[in-house]
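The chain contents come next:
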Amino acid sequence: MRIGLYPGTFDPVTLGHIDIIQRAMALVDRLVIGVAINRDKGPLFNLEERVAMVEAECAAIIAKTGGEIIVHPFENLLIDCARDVGAGIIIRGLRAVADFEYEFQMVGMNRALDASIETVFMMADARRQAIASKLVKEIARLGGDVSNFVTPPVVDALVHKYR
């Protein structure tokens, strides 16, 4: 069984994330969405909220593809999380060259820690390349319309947070 791990903070989950999740399903038999706790980033949504959002968004993908998606919170090293869930592939989404430079360093470190786990980069769909959770939160905080970047339930969650 091919198991892939798609890690991130998903604060909040965006249409860009959903695009990568849908496309990654074609590469693996089981996709584990690793929701990073990452206290250093100071997320807007707590872990339980982020896990619930990702699970809700993935339910529709599972219904459509029949694939297996598991949402798994983690706080350890990414490579250790991959080992914990039995992933042979780490899936990373790229939006721009700046993403690649950071991810290139991460791949080198992860390969030094465990060369048996591969990293696969997926370019964001051209319509989704500008979407970043950080920018979505900023737009929502300032009262802007984020409906082109996230699903309606996530719009509602953002509106509720910023009331």
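The text that follows walks through the structure, step by step, so that each part is easy to find. What you are looking at is a predicted structure, and each value in this text was computed from that prediction instead of being measured.

Before going further, it helps to examine the overall build of the protein. Within the protein, the regular secondary structure consists of 6 helices and 5 strands. Secondary structure elements of the protein, listed N to C terminal, follow the sequence β-α-β-α-β-α-β-α-β-α-α. What you see for the protein is a C-alpha radius of gyration of 15 Å, in line with the 15 Å of a compact globule of 163 residues. For the protein, the spread of C-alpha atoms along the principal axes amounts to about 45 × 35 × 30 Å. In the protein, the share of contacts with a sequence separation of at least 24, taken over all contacts with a separation of at least 6, comes to 75%. For the protein, the exposed area adds up to about 8,700 Å²; of that, 56% sits on carbon and sulfur atoms. With 18 positive and 21 negative side-chain charges, the protein shows a spacing of 3 Å between the two charge centroids.

Turning next to the pairing of strand 1 (residues 3-8). Two faces belong to every sheet, and in a regular strand the side chains alternate between them. In terms of burial, strand 1 is a largely internal element, 6 of the 6 residues being buried. Residues Ile3, Leu5 and Pro7 of strand 1 are buried on one face, and the alternating residues Gly4, Tyr6 and Gly8, pointing to the opposite face, are buried as well. Here strand 1 runs beside strand 2 (residues 30-36); their pairing, made up of 6 bridges, is parallel. Directly across from glycine 8, in strand 2, lies its bridge partner valine 35.

Here we take up the pairing of strand 2. For strand 2, the buried fraction is high: 6 of the 7 residues fall into the buried class. Since strand 1 and strand 2 lie parallel, the crossover through helix 1 (residues 15-24) that links them has a hand, and here it is right-handed. Judged from the 7 bridges that link them, strand 2 and strand 3 (residues 68-74) form a sheet pairing that is parallel. When the bridges of strand 3 are listed, isoleucine 33 appears paired with valine 71.

The next point concerns the packing of aromatic side chains. The tally for this structure, following the rule as stated, stands at 3 aromatic pairs. Ring plane angle 80° and centroid distance 5.5 Å describe the contact between tyrosine 6 and phenylalanine 10, whose orientation is recorded as edge-to-face. Accessibility classification places tyrosine 6 together with phenylalanine 10 in one group, the buried group. Considering the side-chain rings of phenylalanine 100 and phenylalanine 104, the 5.7 Å spacing of their centres and the 35° angle between planes classify their relative orientation as tilted. Highlighted residues: phenylalanine 100 and phenylalanine 104, both in helix 4 (residues 97-113), separated by 4 residues, approximately one helical turn. The class of phenylalanine 100 is partly exposed, set by a relative accessible area of 38%. A relative accessible area of 56% places phenylalanine 104 in the exposed class. Chaining the aromatic ring pairs together yields one cluster made of Phe100, Phe104 and Phe121.

Pairing within the open sheet is parallel, and its 5 strands lie in the order 3-2-1-4-5. The sheet is open, and its two edges are formed by strand 3 and strand 5 (118-123), each paired on a single side. Going across the sheet, the axis of each strand differs from the next one's by a mean of 30°, ignoring polarity. Lying over the sheet, helix 1 contacts strand 1, strand 2, strand 3, strand 4 (89-94) and strand 5, oriented at roughly 125° with respect to strand 5. Across the sheet, helix 3 (residues 78-85) touches strand 1, strand 2, strand 3 and strand 4, and the angle it forms with strand 1 is around 145°.

Thresholds, definitions, all that
Residues numbered from 1 in each chain as written. Predicted model: local features only at pLDDT ≥ 70, side-chain atom pairs only at ≥ 80, totals over all residues. Heavy atoms only, no water. Helix = DSSP H or I, 4+ residues; strand = E, 2+ residues; numbered from the N terminus. Rg over C-alpha atoms; globule rule 2.2 N^0.38 Å. Contact = heavy atoms within 4.5 Å. Areas by Shrake-Rupley, 256 points an atom, 1.4 Å probe, with all protein chains shown as cover. Lys, Arg positive; Asp, Glu negative; His and termini not counted. Charge placed at Lys NZ, Arg CZ, Asp CG, Glu CD. Buried < 20%, exposed > 50% of the residue type's maximum accessible area, 1.4 Å probe, protein only. Pairing = 2+ DSSP bridges. Right-handed = clockwise from strand over helix to strand, strands pointing away. Phe/Tyr/Trp six-rings, centres within 6.5 Å; stacked < 30°, edge-to-face > 60°. Axes fitted to C-alpha atoms, helices over the stretch in contact; angles between N-to-C directions.

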